[in-house]
Amino acid sequence: MSLMTLEEKVGQLNQLSSDFISTGPITCDGEKQDRVRQGKVGSYLNVTGAARTRSLQEIAMQSRRKIPLLFAQDVIHGYRTIFPIPLAEAASWDLAAIERSARIAASEAAGSGIHWTFAPMVDISRDPRWGRVMEGAGEDTYLGSLIAEARVKGFQGKGLGQVDAIMACAKHFAAYGAAEGGRDYNTTDMSMRRLHEVYLPPFKAAVEAGVSSVMNSFNDINGIPATGNTYLQRTILKGKWNFNGLVVSDWGSIGEMINHGYATDTADAAKRAIIAGSDMDMESRAYVGQLIELVKRKIVPESVIDEAVCRVLNKKFELGLFDDPYRFSDESREKAIWNDPTHLEAARDMAKKSIVLLKNDLVKKLGKPLLPLDVFGSTKIALVGPLVKAISDNNGFWSYSWPDDSVRVVSLWKGVERKFKASKDLIYAKGCELEGADTSGFAAARQAALKSDIVIVSVGESGSMSGEAKSRSEIHLPGIQEQLVKELVATGKPVVVLISAGRPLVFNWIADNVPSIVYTWWLGTEAGNAIADVLFGDHNPSGKLPMTFPRTEGQIPIYYNYFNTGRPFKNDKDFNYVTAYTDLPNSPRYPFGYGLSYTTFEYRNIRLSADTINLGESIKVKVNVTNSGKYVGDEVVQLYIQDVAASLVRPVRELKAFKKVRLMSGETKEVEFLLTEKELSFFQEDLRFAAEPGLFNLFIGGSSHTSVHTSFYAKE
Ligand code: NOJ
């Protein structure tokens, strides 16, 4: 650093986007390569490919100090091989599989010259109107924290310095998922207790897992934009949590503090952001334009710049870029990794595990549920709906399309066709578009159904209806898709509905009237194969919802770990003088943690190592889980606790542990958990994290609505 001029130091804090891909409002301000040559750029986002990153790096090597560029990219759920959207992966509750997915994404991206991904997004969200729920792990802090850790480990592999490891980035710090009204970029306002208890722990988990970077967020929180928030970035992140990685702003968020009305001009915004602990400026050009003058005028101490530059350079050193700036930009490695078949296998495995079976009722005529499909030699299947032959939609938002996607991405049609060899017995009708009111395809859809024995309908959102800047005020199935399903049910043929979406949707008529419903989210490159595996019973679904599904938008925000009021509701019918709506049951359509299997599980005999413990002691919990159905199956055994009375109101229940177990038909397994003082603790009024004596209820089961429970006391 002592060899660098102030100009060169400030250059290291400047991150620009390439013009190849845009993930935000592009600023066209002239020739960027000259600035690289002059040492005025420290990092680039949106430059992909070994060849492109190499040629830009060559320009950086012409700068006076020859400091290599850091190439960043939103590698959110796969790079070349697209994995399920993160919310879908969260439905697997399978931490090893999630880590593997991130590992593969990192190795593919690293092979294309990328050093740094802007993932994982660890924002907790309780509002499915917010389009970015697709990018996170859902509503729960405990599950979200474990997934944050798994993803960081996956991206960073054996550690920076390996050529297949890239820097992870926990984002968006903080509380971005609590945007009012579910409107992207909107204000958040919440108590400090809620911030610490619900929104910060996944970031802390990422930091403890060694995350290399943290991105701040667009929102203000309690009146202070996160980007200029000293409490968040200095007191908590770099102070209390001792985070020694790099903090990057979100796209333009330093300059946007002027729009917030928090900074008077760009110089003021740059000053506030750097003082508050934002090290790198993504796309505002505020640092590169203002910091030199601010230091010269002694408004910002040079030591503050030095600290930020140090964080940037450290990462470049750790990545090995000072030894070899081109070590990631290796075209032969890129080629080798491009079509690795093990990546496709992992993507299919992850996709199967992400699927959630919402309903599979007994069909009287058949004497069994419709799924898994019972296919005889003569069975004819109608595949109907606007998404049956969709290709790129399967990739979902935050993914890359490659020129050979039409061959590589497995559509539902292709997946079923491969499995159901007698493709002459497969009949297709689109029925309608995803949006709009054109019913002209209904007649053909009805015909297809009438000629078949089973109808599979594929409906949902388009792949780009969720994601950044994709908030929706209505989350019903778009267009006339529900009407299409009604038409098909009216034919009297057995109907299975598949719903693809990047968020929980509302589909009450389908939920009430269709016997089998499968939620398939966006599953990536292997989508069609994975769905066919589930439909035909080669994979028994085990996904569990990572977000509560509301009955209608009016229930939002909706989440399982709410606080009781003084007038709690007792059931869905009684709304007299209790906390309830008069026109709607209080319960959600599907609760957090819910998901069916082709088999059934029974929970019996919860045992505790003690009925009473002293605070500070641990308690062992055992439960017997039996597979009481016909198929081998995986079950996510979930443990929730309730602190019955405390110095602050506590949630009705909170997830504190889970285990995914495989059970053969008829098999019983004893599943064991250990609860320590940590699981009983919460953030007190003064933000101390501590447990209190008293009664605890404990619930175990296959969803947050389980009623299998027991209690214990914790004594002082
Ligand atoms: C804005 C998004 O909020 C952030 O998550 C993303 O990483 C950046 N744009 C870069 O694309």
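Note that this is a predicted model, so its numbers are computed, not measured.

*Asks:* Quick rundown of the nonpolar core? Include the residues and the values.
*Replies:* Counting 138 residues, the largest nonpolar core has Trp116, Phe173, Phe507, Tyr519 and Trp521 as the members making the most contacts within it. Taken domain by domain, this core gets at least three of its residues from each of domain 1 (11–335) and domain 2 (338–535). Leu426, Ile456, Leu523 and Leu535 belong to the second-largest nonpolar core, a separate cluster that totals 29 residues.

*Asks:* Run through the domain arrangement of the chain, naming residues and quoting values.
*Replies:* Taken domain by domain, the chain holds domain 1 (11–335), domain 2 (338–535) and domain 3 (601–715). At the interface, 13 residues of domain 1 touch 12 residues of domain 3. Together, Trp93, Tyr142 and Glu197 form the three largest contributors to the area buried by domain 1 at its contact with domain 3, with a combined 54%. At the junction of domain 1 with domain 3, the criterion picks out 1 salt bridge. Its salt-bridge partner being arginine 650, residue glutamate 197 comes within 3.0 Å of it at the nearest N-O pair. Counting every contact that joins domain 1 to domain 3 gives 4 residue pairs in polar contact (both at pLDDT 80 or more). When residues of the side of domain 1 that touches domain 3 are traced back to their parent elements, those giving at least two are α6 (141–156) and α7 (192–199).

*Asks:* Lay out the sheet that holds strand β9 (residues 246–248) in plain terms, naming residues and giving numbers.
*Replies:* With parallel pairing, the 3 strands of this open sheet are ordered in space as β5-β6-β9. Each end of this open sheet is capped by a strand with a single partner; those strands are β5 (169–173) and β9. Averaged over all neighbouring strand pairs, the angle between strand axes comes to 25 degrees, with direction disregarded. Relative to strand β6 (residues 213–216), β5 runs parallel, the two sharing 4 bridges. The residue bridging phenylalanine 173 from the neighbouring strand is asparagine 216, located in β6. In the packing of helix α9 (residues 230–240) onto the sheet, contacts are made with β5, β6 and β9, and the angle to β5 comes to roughly 145 degrees.

*Asks:* Describe in detail the sheet that holds strand β14 (residues 381–384), supporting the description with residues and values.
*Replies:* Judged by pairing direction, the sheet is mixed, and its 6 strands sit side by side in the order β11-β18-β17-β16-β14-β15 without closing on themselves. Looking at which strands have only one partner, the edges of the open sheet turn out to be β11 (356–360) and β15 (426–429). Each adjacent strand pair in this sheet contributes to an overall mean axis angle of 15 degrees, direction not counted. The pairing of β14 with strand β16 (residues 454–460) spans 4 bridges and is parallel. By the bridge assignment, isoleucine 381 is partnered in β16 with isoleucine 454. Each of β14, β15 and β16 is contacted by helix α18 (residues 442–450), which is oriented at about 165 degrees to β15, the strand it contacts most.

*Asks:* So what about the environment of tyrosine 640? Which residues, and what values?
*Replies:* Of note, tyrosine 640 is situated in strand β22 (residues 633–643). The class of tyrosine 640 is buried, set by a relative accessible area of 0%. Separated by 634 residues in the primary sequence, tyrosine 640 and leucine 6 place their C-alpha atoms 54 Å from one another. Among all residues touching tyrosine 640, those that are not within four sequence positions of it are Tyr560, Phe592, Gly593, Arg653, Glu654, Leu655, Lys656, Asn697, Leu698, Phe699, Ser703 and Ser704.

Cut-offs used in this document
Residues numbered from 1 in each chain as written. Predicted model: local features only at pLDDT ≥ 70, side-chain atom pairs only at ≥ 80, totals over all residues. Heavy atoms only, no water. Core = buried A, V, L, I, M, F, W, Y, C linked by side-chain atoms within 4.5 Å. Buried < 20%, exposed > 50% of the residue type's maximum accessible area, 1.4 Å probe, protein only. Domains from an automatic or database assignment. Contact = heavy atoms within 4.5 Å. Buried area = accessible area lost by both parts, 1.4 Å probe. Salt bridge = Lys/Arg side-chain N within 4 Å of Asp/Glu carboxyl O. Polar contact = N/O pair within 3.5 Å; in protein donor to acceptor, adjacent residues only side chain to side chain. Helix = DSSP H or I, 4+ residues; strand = E, 2+ residues; numbered from the N terminus. Pairing = 2+ DSSP bridges. Axes fitted to C-alpha atoms, helices over the stretch in contact; angles between N-to-C directions.

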